[in-house]
Amino acid sequence: MNKYLERLVNGLFKENPTFVLMLGMCPTLAVTVSAWNGVGMGLSTTAVLVASNVIIAALRRFIPNTVRMPYFIVVVASMVTIVQLLLQAYFPSVSEALGIYIPLIVVNCIIFGRVEAYAAKNKVGLSLFDGIGMGIGFTIALILIGSFRELLGAGTIFNFRVMPSSYEPIEMFIKPPGAFLVLAMLTALQNKFKLPSATNGSGKKSALTCGGDCANCMGEAYAINHELNAEEPKIKKAVRKED
Amino acid sequence: MNNYFVNLIIILISAAFINNVILSQFLGICPFLGISNKIKSAVGMGLAVMFVITTASIICSLAFRYILAPMNLQYLQTIVFIIVIAALVQFVEMVVKKVSPALYDALGVYLPLITTNCAVLGVALLNVEKDFDLVESIVNGFASALGFTVAIILMAGIRERMAYNDIPKVFKGFPITLVTATLMAMAFYGFSGLV
């Protein structure tokens with residue numbers, strides 16, 4: 001298969017960031033109260049991801065390995081700011097509905113995960129398609145979860161009435177508890193049918209797999225730094241003994 | 001003055017319980033689900049988060065008020081805040097290590113995880129969005145972190161009990177944790193009539 005097409009399929013199915021890698025749970029839970037919100041969040045994240053992937057891939061030879069995290073943070077935060085300003089200018093309703101979750105794309109594990117694991121080591125073209133694949137995979141997942149919650153919680157999908165008028169909406173599904181419940185059922189079904197997912201350990205082995213494993217999230221670089229910090233006194237003691 | 005004080009108490013209650021960072025705003029879900037299997041580690045994480053969010057609220061609020069706003073650079077807030085928070089966490093780690101090794105032993109492991117915690121950036125952004133002054137930002141930051149700590153410790157307590165329960169096979173692990181979170185979110189949703 002064409003290697004560019006392979007990146008797209010990988011993001012959509014094999015390593016779908018939401019259903020398989022279970023990354024970026026905060027926006028997934030928070031904004032999926034309707035299908036349209038899913039579209040807005042998904043496409044904003046896709047734009048940030050694609051732009052950051054391309055820039056980091058282009059600069060990968062110039063970024064010193066030891067200080068790569070600050071570089072990534074600045075690039076990603078700049079892209080997020082650009083997207084935020086564009087949304088405010090051209091889609092004020094989307095910007096209103098998503099609120100602080102747009103600037104919070106900066107700390108979305110998907111972005112740092114892909115930048116760190118893929119774009120920092122691969123060519124610009126491949127990174128571009130990796131970003132598109134992952135972004136569209138994330139968008140589709142958000143739309144699916146959003147549609148499901150909107151259907152049960154308001155009886156509509158994309159604001160079109162689907163349920164018969166006698167249907168009494170279960171409002172809980174568009175409220176915070178509904179988000180947790182939908183995700184609980186989703187992961188339970190994944191366990192039941194033994195589908196690949198980070199949460200049951202059967203997903204593709206990846207350093208990025210979340211499943212609540214914070215240490216392997218984008219904080220990894222800080223965790224390593226922390227270990228170095230902790231080792232320092234031991235080294236000093238060893239030196240003293242030698243004296 | 002009296003009104004201002006009442007206002008602070010309302011901010012405290014609404015940030016800690018009504019708009020709980022985890023259970024109604026979904027900020028900081030990773031540590032909530034990841035580090036909540038033992039009460040001891042949940043307490044450590046909670047205290048570290050409290051410390052960092054309160055400090056970050058102060059610094060970000062100062063940076064926004066006295067550097068960004070006078071220069072009309074408000075649109076740079078996302079970039080500035082994330083860099084300030086990342087630097088702050090590393091700095092706090094170094095200071096705590098030097099000043100209080102005991103505290104470092106207790107909180108050290110959790111500090112690096114906090115940089116990437118969306119709750120810290122989220123609270124800093126909310127302070128700006130709601131146009132809080134310095135004192136209000138500190139109260140809001142502290143109260144949000146308190147809400148985080150309460151939620152994660154409750155979760156850890158429930159999970160410790162649940163370890164001895166008979167759970168359906170497909171619900172073991174992640175799903176049952178999320179079902180617990182659902183019930184907790186429902187309980188906290190009851191606070192919404194409070195203020």
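What counts as what
Residues numbered from 1 in each chain as written. Chains lettered and ligands numbered in written order. Predicted model: local features only at pLDDT ≥ 70, side-chain atom pairs only at ≥ 80, totals over all residues. Heavy atoms only, no water. Helix = DSSP H or I, 4+ residues; strand = E, 2+ residues; numbered from the N terminus. Buried < 20%, exposed > 50% of the residue type's maximum accessible area, 1.4 Å probe, protein only. Contact = heavy atoms within 4.5 Å. Areas by Shrake-Rupley, 256 points an atom, 1.4 Å probe, with all protein chains shown as cover. Expected span 1.5 Å × (residues − 1). Salt bridge = Lys/Arg side-chain N within 4 Å of Asp/Glu carboxyl O. Phe/Tyr/Trp six-rings, centres within 6.5 Å; stacked < 30°, edge-to-face > 60°. Core = buried A, V, L, I, M, F, W, Y, C linked by side-chain atoms within 4.5 Å. Patch = residues over 30% accessible without salt bridge, like charges linked within 9 Å, V, L, I, M, F, W, Y side chains within 5 Å.

A separate point is the overall build of chain A. Assigned secondary structure in chain A consists of 9 helices and 2 strands. Along chain A, helices and strands appear, N-terminal first, in the series α-α-α-α-α-α-α-β-β-α-α. When each of the 243 residues of chain A is scored for burial, the buried share is 51%. Across chain A, contacts joining residues at least 24 apart in sequence account for 70% of those joining residues at least 6 apart. With the model as given, the accessible surface of chain A reaches about 11400 Å², and the carbon-plus-sulfur share is 66%.

Another point: helix H8 (residues 176-192) of chain A. All names here are of chain A. Given a rise of 1.5 Å per residue, 17 residues ought to cover 24 Å, and the 25 Å separating the end C-alpha atoms of H8 matches this to within 8%. The buried fraction of H8 amounts to 13 of the 17 residues, a majority that puts the element mostly inside the structure. Just beyond H8, the residue with positive phi is Lys194, at close to 50 degrees.

Another point: the pattern of salt bridges. Residues and elements named next belong to chain A. Overall, the coordinates contain 7 salt bridges over all chains when judged by the stated rule. In this structure, Lys14 and Glu6 form a salt bridge, with 3.9 Å as the shortest nitrogen-oxygen distance. Judged by its relative accessible area of 25%, Glu6 is partly exposed. Glu116 serves as the salt-bridge partner of Arg68, at 2.9 Å between the closest nitrogen and oxygen. Taken together, the residues Arg68 in helix H4 (residues 68-90) and Glu116 in helix H6 (residues 109-119) connect sequence positions 48 residues apart. Arg68 gets classed as partly exposed once you look at its relative accessible area, which sits at 22%. Salt bridges here are not isolated pairs; linked through shared partners, they connect Glu6, Arg7, Lys14, Glu15, Arg114 and Asp130.

Now for the packing of aromatic side chains. A complete count under the given rule lists 7 aromatic pairs over all chains for this structure. Each ring, one from Phe180 of chain A and one from Phe26 of chain B, has its centre 5.3 Å from the other, and the planes form 50 degrees; the classification is tilted. Pair noted here: Phe180 of chain A is in helix H8 and Phe26 of chain B is in the loop between helix H1 (2-18) and helix H2 (29-34), and the two residues belong to different chains. A single burial state applies to Phe180 of chain A and to Phe26 of chain B, both of which are buried. Relative to Phe191 of chain B, the ring of Phe188 of chain B has its centre 5.4 Å away and its plane inclined at 70 degrees; by these criteria the two rings are edge-to-face. Residue class for Phe188 of chain B comes out buried when judged on its relative accessible area of 9%. An aromatic cluster of at least three residues, connected via ring pairs, comprises Phe17, Phe188 and Phe191 of chain B.

A few words on the nonpolar core. Counting 104 residues, the largest nonpolar core has Leu104 and Phe180 of chain A together with Leu23, Ile29, Phe32 and Leu121 of chain B as its most contacted members. With 11 residues, the top contributor of residues to this core is helix H3 (residues 39-68) of chain B. Among residues more than four places away in sequence, those in contact with Leu23 of chain B are Pro176 and Phe180 of chain A together with Phe32, Ala151, Ala181, Met184, Ala185 and Phe188 of chain B. One finds Leu152, Tyr167, Phe173 and Val182 of chain A within the second-largest nonpolar core, a separate group that totals 8 residues.

With that out of the way, let us pick up the side chain of Ser95 of chain A. Here Ser95 of chain A shows up in helix H5 (residues 92-98). Residues contacting Ser95 of chain A, with those up to four places away along its chain left out, are Leu87 and Gln88 of chain A.

All right, on to a nonpolar patch on the surface then. Residues and elements named next belong to chain A. Nonpolar side chains collect at one region of the surface, where Leu43, Ile136, Ile140 and Leu144 lie side by side and expose about 330 Å² of accessible area between them. With 3 residues, helix H7 (residues 124-154) is the single largest residue contributor to the nonpolar patch. Counting through the fold element by element, Ile140 comes out in helix H7. The exposure class of Ile140 is partly exposed, given its relative accessible area of 39%.

The subject of this paragraph is unusual backbone geometry. All names here are of chain B. The phi angle at Phe26 is positive, at roughly 60 degrees, despite the residue not being glycine. Residue classification places Phe26 among the buried residues on the basis of a relative accessible area of 3%. Phi at Asp131 is positive, roughly 60 degrees, even though this residue is not glycine. Within the fold, Asp131 resides in the loop between helix H7 (118-129) and helix H8 (134-162).

This next bit is on the environment of Ala179 of chain A. Tracing the chain through its elements places Ala179 of chain A in helix H8. A relative accessible area of 4% means that Ala179 of chain A is categorised as buried. The spacing of Ala179 of chain A and Phe112 of chain A is 67 residues in sequence and 24 Å in space, taken between C-alpha atoms. If sequence neighbours within four positions are ignored, Ala179 of chain A has contacts with Leu29 and Arg149 of chain A together with Phe26 of chain B.

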